[in-house]
Amino acid sequence: MSTRRSFLQRTAAWSAALLAAGREGKAEVVASVPQTAVPQVHAKGGYLGTASGSLSKLETGARPVGTVPVITTEVGDLPFEMDGDVKVFRLTASVFRQQIAPQKWMDVWGFNGSAPGPTIQVTQGDKIRVIYKNELPEPTSIHWHGFEDTIGNDGMPGISQPPIKPGESFTYNFIIKQEGTFFYHSHMAMQEMAGMLGAVIMHPKVPYRPHCEKDYVIHLQEFALLANQTIPDTMKMEYNWLLLNGKASPATTPLIVKQGERIRIRFVNMGMDHHPMHVHGHTFYTTGTEGGRIPETAWWPGNTVLVGVGQARDVEFVADNPGDWMLHCHLPHHMMNQMVTQVGPMTRPMNMDMVTKPAMRNGDAALADTDMDPSMMGMMQQQTNGSPRMSAQQRKQQRAFDTSHEGMMQQMQEAAPNAENVPNYPQDALMEGPMMSMDALVNRPENLGLRADWSRFMQGMMTFVRVLPAEQYDRVIAAMKAANRPNDPMASLYGGAATSAVAKVEEVRR
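Treat the numbers as computed from the prediction; the structure is a model and nothing was measured. (Residues numbered from 1 in each chain as written. Predicted model: local features only at pLDDT ≥ 70, side-chain atom pairs only at ≥ 80, totals over all residues. Heavy atoms only, no water.)

**Side note on the overall build of the protein**
Rule in force here: In this text, helices come from DSSP runs of H or I with a minimum length of four residues, and strands from runs of E with a minimum of two, each type numbered from the N-terminal end. Throughout, exposure labels follow a simple rule: accessible area from a 1.4 Å probe, protein chains only, divided by the maximum for the residue type, with under 20% read as buried, over 50% as exposed, and the rest as partly exposed. Pairs of residues are marked as contacts when any of their non-hydrogen atoms sit within 4.5 Å. For every accessible area listed, the method is Shrake-Rupley and the probe measures 1.4 Å; residues are considered covered only by the protein chains on display.
Secondary structure summary: the protein contains 7 helices and 24 strands in total. Within the protein, the fraction of its 510 residues that count as buried is 49%. When contacts within the protein are restricted to residue pairs at least 6 apart in sequence, those whose partners lie at least 24 apart make up 74%. Roughly 24,500 Å² of accessible area belongs to the protein as shown, and the carbon and sulfur atoms make up 56% of that amount.

**Here we look at the packing of aromatic side chains**
What counts is decided by this rule: Aromatic rings from Phe, Tyr and Trp, with only the six-membered ring used for Trp, were paired whenever their centres fell within 6.5 Å, and each pair was classed as stacked if the ring planes differed by under 30 degrees, edge-to-face if by over 60, and tilted otherwise. Any Lys NZ or Arg CZ found within 6 Å of a ring centre and within 35 degrees of that ring's normal is scored as a charge over the ring.
In the structure shown here, the tally under the stated rule is 11 aromatic pairs. Between the aromatic rings of W144 and Y172, the centroid separation amounts to 5.6 Å while the plane-to-plane angle is 70°, which identifies the pairing as edge-to-face. In this pair, W144 sits in strand β8 (residues 142-145) while Y172 sits in strand β9 (residues 169-175), placing the two residues 28 residues apart along the sequence. We classify W144 as buried; its relative accessible area is 2%. Judged by its relative accessible area of 0%, Y172 falls in the buried class. Note on F147 and F174: the rings are 5.0 Å apart at their centroids and 70° apart in plane angle, and the pair reads as edge-to-face. With a gap of 27 residues between them, F147 in the loop between β8 and β9 and F174 in strand β9 connect regions that are remote in the sequence. Comparing F147 with F174 shows no difference in burial state: the two are buried. The rings of F111, Y132, W144, F147, F170, Y172, F174, F182 and Y184 are connected pair by pair, giving a single aromatic cluster. A cation over an aromatic ring shows up here: R293 above the ring of Y208, its NZ or CZ 4.1 Å from the ring centre.

**Things to note about the sheet that holds strand β16 (residues 275-279)**
Note the cut-off: A pair of strands is considered paired only if DSSP assigns at least 2 bridges between the two. Only the contacting stretch of a helix is used when fitting its axis, a line to C-alpha atoms as for every element, and angles between N-to-C directions run 0 to 180 degrees.
Pairing within the open sheet is mixed, and its 5 strands lie in the order β14-β23-β22-β16-β20. Unpaired on one side and paired on the other, β14 (255-258) and β20 (304-307) mark the two borders of the sheet. Strand-to-strand twist in this sheet, taken as the mean axis angle between neighbours without regard to direction, amounts to 20°. Its contacts with the sheet place helix α7 (residues 470-483) against β14 and β23 (462-468), and it is angled at close to 140° to β14.

**Considerations on the nonpolar core**
The condition is simple: In this text, buried Ala, Val, Leu, Ile, Met, Phe, Trp, Tyr and Cys residues form a nonpolar core when linked through side-chain atoms within 4.5 Å.
Judged by nonpolar contacts, the single largest core of 36 residues is most densely connected at I256, I265, F267, M277, L327 and V465. The dominant element in this core, judged by the number of residues it contributes, is α7, at 4 residues. If near-sequence neighbours (up to four positions away) are discounted, I265 is found in contact with Y216, I218, L255, R313, D314, V315, F317, L327 and V465. Counting residues in each nonpolar core, the second largest holds 25 residues, with F89, W109, I128 and I164 among its members.

**Side note on α7**
Spelled out, the test is: One less than the number of residues in a helix, times 1.5 Å, gives the span that helix is expected to have.
The terminal C-alpha atoms of α7 lie 20 Å apart, and with 14 residues this matches the ideal 20 Å at 1.5 Å per residue to within 8%. Here the buried face of α7 lies against β12 (214-223), β14 and β23. Following α7 by one or two positions, N484 adopts a phi angle in the positive range, close to 50°.

**Observations concerning the pairing of strand β21 (residues 311-318)**
Most of β21 sits out of view: 7 of its 8 residues are buried. Both strand β15 (residues 262-269) and β21 contribute to a ladder of 8 bridges, which runs antiparallel. The partner of I263 across the bridge, within β21, is F317. Here 4 bridges tie strand β17 (residues 284-289) to β21, and the two strands are oriented antiparallel to one another. By the bridge assignment for β21, G288 is matched with D314.

**Some words on the pattern of salt bridges**
Pairs can form between side chains of opposite charge once their charged atoms are near each other. Our working rule: Definition used for salt bridges: Asp or Glu carboxyl oxygen within 4 Å of a side-chain nitrogen of Lys or Arg.
Throughout the structure, instances matching the rule amount to 16 salt bridges. One salt bridge connects R264 with D215, and the closest N-O pair in it is separated by 2.6 Å. Within this pair, whereas R264 is found in strand β15, its partner D215 is found in strand β12, the two being separated by 49 residues in sequence. R264 sits in the buried class, given a relative accessible area of 6%. Exposure remark for D215: the relative accessible area of 2% places this residue in the buried category. A salt bridge links R485 to E446, with the nearest nitrogen and oxygen atoms 2.8 Å apart. Of this pair, R485 sits in the loop between α7 and β24 (508-509) while E446 is found in the loop between α6 (405-414) and β23, placing the two residues 39 residues apart along the sequence.

**Observations concerning the side chain of K87**
The topology assignment puts K87 in strand β4 (residues 86-101). The exposure class of K87 is buried, given its relative accessible area of 12%.

**Details of the pairing of strand β22 (residues 323-329)**
The sheet contact formed by β16 and β22 spans 3 bridges and is antiparallel. The partner of V279 across the bridge, within β22, is L327. Pairing of β22 with β23 involves 6 bridges; the strand directions are antiparallel. Of the residues in β23, the one forming a bridge with D324 is R466.

**A short note on the environment of A479**
With respect to the helices and strands, A479 occurs in helix α7. C-alpha separation for the pair A479 and R444, spaced 35 residues apart in sequence, amounts to 9.0 Å.

**Observations concerning the confidence of the model for the protein**
For clarity, the threshold we go by: Here pLDDT means the predictor's own confidence in every residue, given as a number from 0 to 100.
Taken over all residues, the pLDDT of the protein has a mean of 76, while the share at 70 or more is 66%. Here residues 1-8 is modelled with pLDDT under 50, and outside its nearest four sequence neighbours on either side it reaches 2 contacts, counting other chains as well.

Shown next, in the form of structure tokens:
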């Protein structure tokens with residue numbers, strides 16, 4: 001007969017048995033764990049788990065752990081001078097004309113003759129002073145995006161400081177307390193849209209782990225330019241020129257990486273559009289924002305990261321997959337140059353008879369292009385050979401395009417026979433399908449070894465991450481060094497005179 005007392009006794013016995021079994025099971029598990037665990041990357045970076053992404057590959061061997069200079073392609077760094085223990089930087093805002101693509105120039109507002117402005121590189125604990133001079137035709141200021149500092153240095157005109165009038169200067173003073181990817185920009189809205197921004201890299205006092213051998217900054221910008229205009233419309237909400245570090249592809253500079261190196265890319269967005277930045281061939285981890293380093297337990301894998309307006313995103317991966325991999329914004333309109341709203345044959349320079357004789361179309365049968373194409377070819381050839389309507393510089397640039405009869409015919413033959421009767425064909429404002437080849441016009445050492453005619457398929461917010469085997473990497477680096485370019489932003493890659501604030505890498509071996 002079961003009583004309350006006997007039930008409690010049986011329950012106590014069962015509990016004791018379960019506890020004993022649990023202790024025995026736990027003892028067996030503990031005994032099975034080896035006493036010398038595999039070393040894991042930890043603290044301020046490093047992936048602790050197992051995943052399919054490249055960062056799941058833990059560091060092995062006696063690799064250095066340190067801080068390398070950040071490279072801002074096309075732009076470079078802002079130099080400084082020392083005043084006691086203070087690093088003094090000088091920024092000047094002005095209006096100037098900048099080439100953004102082959103045969104395309106734009107009047108921009110920027111800093112020290114560059115839009116984006118030069119990158120400021122500092123280290124936690126630094127004391128810095130920025131002397132800012134205004135050579136614009138109107139007042140301005142600089143906001144230091146993400147800085148945790150005194151209100152007097154925030155850069156809000158009329159709020160934390162008086163507006164800086166034309167011809168005047170203002171001095172900002174900081175003690176660098178943070179680490180990560182930050183940026184500076186005008187706090188006059190339309191000035192931002194004219195190009196006034198730049199990066200501030202705060203290197204950590206204790207180097208990040210895992211160590212990255214390459215570290216790049218890429219600014220994301222968009223502009224609205226009417227045909228044959230050089231002044232961007234800062235009020236527009238639709239953009240036809242999308243830039244990386246002030247250049248539209250194919251004029252952008254590839255990121256050069258040796259196979260097996262870990263690379264960090266810092267995206268900065270101070271435009272009007274969000275940009276989903278996509279890398280081919282590799283899985284990266286998002287490791288930082290405009291607020292600094294993300295704890296490694298919160299890193300997330302992907303091959304596309306959305307960089308919102310006013311945001312920065314750092315991604316890292318091991319570049320172990322050789323090839324010329326595209327890096328681009330994945331918004332379709334951001335992979336084009338000089339878009340217009342009208343599409344179809346009316347915009348197509350190769351078929352002017354569609355414009356001049358539209359009434360002569362008979363049903364679906366369009367007139368042949370044979371009468372017009374030779375005249376178009378002759379006109380282009382005449383311009384190339386020295387038409388008085390073109391300057392010497394224009395003729396030089398025109399020759400760099402593949403405007404030969406063979407080049408034109410090749411592009412025509414790539415289209416389907418009935419392409420003229422397909423709605424919305426062609427979609428490209430310059431010409432149908434891909435652009436003309438501009439390999440020669442955008443020739444630079446970083447492009448050494450790319451497939452012929454690659455430039456026909458690169459527009460807008462596009463560039464390459466070139467993951468090169470050691471021998472090919474050495475050839476490209478040697479060509480870059482031999483070019484001996486003044487103020488070369490890439491100089492730190494081959495032992496040149498780096499303009500970086502982190503001129504020397506201090507290595508700490510484990």
